[in-house]
Amino acid sequence: MLFKDKYSFLSNMYSCKVNYDGEIFPCVETAFQYAKCADENEKEKFINDRGYYVNGFVAQKIGQQVKLREDWKYAR
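The rules behind these values
- Residues numbered from 1 in each chain as written.
- Predicted model: local features only at pLDDT ≥ 70, side-chain atom pairs only at ≥ 80, totals over all residues.
- Heavy atoms only, no water.
- Helix = DSSP H or I, 4+ residues; strand = E, 2+ residues; numbered from the N terminus.
- Buried < 20%, exposed > 50% of the residue type's maximum accessible area, 1.4 Å probe, protein only.
- Polar contact = N/O pair within 3.5 Å; in protein donor to acceptor, adjacent residues only side chain to side chain.
- Contact = heavy atoms within 4.5 Å.
- Arc of directions from axis to C-beta.
- Core = buried A, V, L, I, M, F, W, Y, C linked by side-chain atoms within 4.5 Å.
- Phe/Tyr/Trp six-rings, centres within 6.5 Å; stacked < 30°, edge-to-face > 60°.

## Points about the side chain of Glu42
And then number 1: Its place among the elements puts Glu42 in helix H2 (residues 40-43).
And then number 2: Since its relative accessible area comes to 12%, Glu42 is described here as buried.
And then number 3: At a separation of 3.0 Å, a polar atom in the side chain of Glu42 contacts the main-chain amide nitrogen of Lys67.
And then number 4: Not counting residues within four places of it along the chain, the set of residues in contact with Glu42 comprises Cys37, Gln65, Val66 and Lys67.

Rendered as structure tokens:
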């Protein structure tokens, strides 16, 4: 579903600060994709080469390639 205009804040891609696991993410989607990683090294994929967290659209693509935490089915 695409949220636009006055409903854009409902999107996982909406720009806002999300504090998770001691990190501050630029949107819910980036935090979500980061949270599902089994490997601590894979979590680094959600930070770009300049040290900033990637946006939600990039995070969503990266998240399709990561190994999921064993408890992910129950953790979400």
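Having seen it, we continue.
## Details of helix H3 (residues 56-63)
And then number 1: All of the buried residues in H3 are Gly56, Ala59 and Gly63. In a view along the axis of H3, the buried residues occupy a sector of 60°, so they form one face of it. For H3, the exposed residues lying more than 90 degrees away from the buried face are Phe57 and Lys61.
And then number 2: At its buried positions, H3 is contacted by helix H1 (28-35).

## What about the nonpolar core?
And then number 1: In terms of nonpolar packing, the biggest core is built from ten residues, these being Val18, Phe25, Ala31, Tyr34, Cys37, Phe46, Tyr53, Val54, Ala59 and Val66.
And then number 2: If sequence neighbours within four positions are ignored, Cys37 has contacts with Glu42, Lys43, Phe46, Val66, Lys67 and Arg69.

## Considerations on the packing of aromatic side chains
And then number 1: For the coordinates displayed, the defined rule picks out four aromatic pairs.
And then number 2: Between Tyr20 and Tyr34, the ring centres sit 6.3 Å apart and the planes meet at 85°, which makes this aromatic pair edge-to-face. Taken as a pair, Tyr20 in strand S1 (residues 18-20) and Tyr34 in helix H1 lie far apart in primary sequence, 14 residues in all.
And then number 3: Looking at Tyr20, the relative accessible area reads 33%, which means it is partly exposed.
And then number 4: Three or more aromatic residues joined by ring pairs form one cluster here, namely Tyr20, Phe25, Tyr34 and Tyr53.

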